[in-house]
Amino acid sequence: MLELKGLSRHFGGVRAIDGLDLTVRKGEIVGLIGPNGSGKSTTVNVVAGLFPASAGKVFFEGKGLEGMPTHKRLQAGIARTFQNIRLFGQLSVWQNLWVAQNAPEDHARRGFFARWLGGQSGVRAEIAHLLEFSGLAHKQDELAANLAFGEQRRLELARALAAKPKLLLLDEPAAGMNSEEIGQLRDRILKLRAQGITILLIEHVMELVMGVTDRIAVLNFGQKIAEGSPAEIQANPLVRKAYLGGA
Amino acid sequence: MLDFLQAVSDGLLFGATYALIGIGFTLVFGVMHKLNLAYAAASIGAAYAGLLILQVAAGAPPWAVFLCAFLGGGVIGWLVYLTCFHFIPLSNPLAPLMSTVGMLLLIDEIIVHVTAGMPQNYPAMFDDVMLRVGEFTLRGDLLLVAGVSVVCMIALLALLYRTRLGLATRAVSQQPVAAQLCGIRVAQVNAMTFIVTGLLGGIAGALIGASVGALSPLLTTPLTVKGLIVTVIGGLGSIPGAIVAGLLVGAFENVFQQFRGVTERDLYVMLLLFAFLVFRPSGLFKP
Amino acid sequence: MDFYYGLAQTVGIHTLLGLSAYIVLLTGQVTMAQAAFFAIGAYAAGMLTVLGGWHIVPALGAGAVFGAATACAVGFPALRVKGLMLVVATLAFGEGVRLFFFNFDYQVAKGEIKVGPLGGEGFRQIRYFQEHGWSTGEVMLFIWVFVILSMAALWWFDRSRYGAVLRAVGEDELAAQSVGVNLTAVKVSAMTVGGAVAGIGGGLYAHYTTHIEHANFNVLLATFAIAYPIVGGLKNVFGTLAAVIFVQAFLIEGLRFLGDWRNLLFGALIVAAMNLRPQGFLGGRRA
């Protein structure tokens, strides 16, 4: 579904990503790990369209994404969450989801007028479903800025789902969570896969990565140094060296 | 051709004042990421304040008036800081902007009230001196304007790059939170930025008064617009940019005034701005 | 009674001006161009009734169309200009439009006299209401029909997904893009709607004052346009209405007894309002 071929992204002299080859097949959950500064978030940003690639290509469902603006990528089926949560703080939980309903199938189903100027009634059911999934139904009218941290993370994920994506890029969704929350996140991610969504998970929290991914790729200094199943990666000496450094 | 070059040289000399105004706008923007729309009005207000010394000592020499304007500018700058930036939480970007607009109107009205709307004569220095360089005439008073402006710019750059205050200012402009964590008192730095730009503005206002020969409250709006145009063309936050842009706008404006008259002149300055916005929106220099 | 009708007319027209800025401000674009769209609507509607003999309602419609079209044209380049630079760019655009009308002559002979805009002299004899025997009360009601329609339309937008999307863009463009919002469409459409509302306001203004000239559409008017929604708060359209009533009715008329000093108070009151209540009368940005 997603293919990165020789992807590079430079910022001045810094090679944030350097010749990265990565394939994510439909229905997989692939993890992307690596020490800080290894290029994981940059990869998400390039795939999402925030930065153009300096070299190499990104293919989604066989088609090159070069030059496609971010909002069109969302409509093509790629959604992402942010590492530092970027909710619309002054809008309510409900409104945050409402704004994000930009999937092409929704656009086709309801006319222009209904979609933009219609009231809330037409989409109540769908948004209610998203709220249920994220356990936020009781807070639907609360301003996003007033939510607890864990709730904000759930809203961030729900918002990414509002556009019915085919591919979900999760940027460190477990940061700052405790064990129980990580367990709930793991269950939610597995439910999403069961619904047919392909997932690329950037993460530091090994508890989550090892427990939920099919395959893991490891980055260091912008290059892929290892790829394999969770068990293979855990046993790989190169990976340990990258994280712990030293001889 | 000669006329053209003469117009350019006069324009460049006068453009030095635009450069000073542009520096004031751009410095506040660079440090606090906010626009102080009252700046040009405050500069003209400071120039008026300079005239106060003539109330006290009737025969005072022009440089005393300039000095008084200089100091008045610092005071007014500090007042603008207090009323628009000190108390308003910076998380609200629109409120300080609106407040500076309020100060702009307030300063304008105070000027109109105190002077009953009558233009005030402004002393000039060396206005009877004409230097001849080959075929060109360089007006003595304009040379002074340019000279003083250059001295001010050098002083400002020295302040920013060779003193601790300057270092603190640059730190705050880049990372205000980290600067605070390093013990820099951000409020103090911000206040000093306003005082320093106010001092600069006072000089600029006085120099403008001196080269035009009179001050009038009608000067504030066009000066605000031009100052902002200079700031944008130079690149928001860049002092060298403001300097170059000020000279550029001064020269451009004077050339068009020479050849197309006063009414069309301003339209061409707007077109210059739009040309930059289309082809080089980040301005001449990056901050 | 006529006095109160006149006041209500002024409040109505300024509310339209404020509303035109309100919708653009929601998207985070601080625009000083609304007075320019207002001017375009004024001249367009005036010329159609005076020179073309049109009925007032289609003339106002044309004013809205011209305002909207200009705003749409401005909206695209405005996308390239970030944050506070947009203030400067729109300010310069506004001044450019004003200068255009300063130089704009289009006169047609009607019987013995010539009518139409005449550059610096302005556009006199826009006497549609007088020629058709409208009373002051009727004009007031007519103006308020448009005000109420505009407020209703904007209220509806606010309650709909479009309104939530506008505010999302105003809050965080990056996040909005990432959830599929087309920034260009949203920002330009908001600017266009604002231009339409300003065009209607301008058209009504021209007929209510019967004489318009370039100086009416200056930086001060552009400032009023954004002052109303900022002082009133961006929570909903009533904030803007409240601010207009506060400024026009209370300040300008009610403080008439202060004579000349009331203009002084205006600036001071804006500064005070922004310090005491930076989020505006009605507060925050949630509809």
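Quick look at the sheet that holds strand β2 (residues 14–24) of chain A
Residue and element names in this part refer to chain A. A sheet is described by the order of its strands in space; here four strands give the open sequence β2-β1-β4-β5, paired in antiparallel fashion. What marks the edges here is a single partner per strand, and that holds for β2 and β5 (63–64). Where helix α1 (residues 40–48) meets the sheet, its contacts fall on β1 (2–11), β2 and β4 (55–60), and the angle it forms with β2 comes to roughly 70°.

As for the interface of chain B and chain C
Taken together, the contact between chain B and chain C spans 33 residues of the former and 33 residues of the latter. Considering each element in turn, the side of chain B that touches chain C owes the most residues, 12 residues, to helix α4 (residues 94–115) of chain B. Counted by class, the side of chain B that touches chain C contains 24 nonpolar, seven polar and two charged residues.

Section: the domain arrangement of chain A
Residues and elements named next belong to chain A. Each assigned domain of chain A is listed with its residue range as follows: domain 1 (1–77 + 176–247) and domain 2 (87–164). Between the C-alpha centres of domain 1 and domain 2 the distance comes to 26 Å. Every contact between the two is made by five residues of domain 1 and, on the other side, five residues of domain 2. The residue inventory of the side of domain 1 that touches domain 2, partitioned by class, reads two nonpolar, two polar and one charged.

Here's the deal with the interface of chain C and chain A
Taken together, the contacts link 22 residues of chain C with 24 residues of chain A. Sorting the residues of the side of chain C that touches chain A by element identifies α6 (136–159), α7 (161–171) and α8 (173–178) of chain C as the ones contributing at least two each. Sorting elements by how many residues they give to the side of chain C that touches chain A places α7(C) first, with seven residues. Taken together, the residues of the side of chain C that touches chain A break down into nine nonpolar, six polar and seven charged.

Describing the sheet that holds strand β3 (residues 29–33) of chain A
Residue and element names in this part refer to chain A. Read across the sheet, six strands follow the order β6-β7-β8-β3-β9-β10 without closing on themselves; strand pairing throughout is mixed. Strands with a single pairing partner mark the edges of an open sheet, and in this sheet they are β6 (78–80) and β10 (223–228). The average angle at which neighbouring strand axes cross in this sheet is 20°, direction not considered. Pairing geometry for strand β7 (residues 167–171) and strand β8 (residues 198–202), over five bridges, is parallel. Each bridged residue has a counterpart across the sheet, and for leucine 167 the counterpart in β8 is threonine 198. Where α1 meets the sheet, it contacts β3, β6, β7, β8 and β9 (215–220), and its direction lies at approximately 145° from that of β7.

Here is what the cut-offs are and how they apply
- Numbering of residues begins from 1 in every chain and follows the order in which that chain's sequence is written.
- Key to labels: chains lettered from A, ligands numbered from 1, both in the order written.
- Given that the model is predicted, a residue must reach a pLDDT of at least 70 before its local features are reported, and side-chain atom pairs must reach 80 or more before they are shown or counted; all residues, however, enter totals for whole chains, interfaces and linings.
- Two strands pair if DSSP finds at least two bridges between them.
- Every helix listed is a DSSP run of H or I at least four residues long, and every strand listed is a run of E at least two residues long, numbered separately from the N terminus.
- By the convention adopted here, residues are in contact when the distance between their C-beta atoms, placed from the backbone, does not exceed 7 Å.
- Angles here are taken between N-to-C directions and fall from 0 to 180 degrees, while the axes themselves are lines fitted to C-alpha atoms, restricted in helices to the stretch in contact.
- Polar here means any residue outside two lists: the nonpolar Ala, Val, Leu, Ile, Met, Phe, Trp, Tyr, Cys and Pro, and the charged Asp, Glu, Lys and Arg; Gly therefore counts as polar.
- Segment limits for the domains were obtained from an automatic or database-derived domain assignment.

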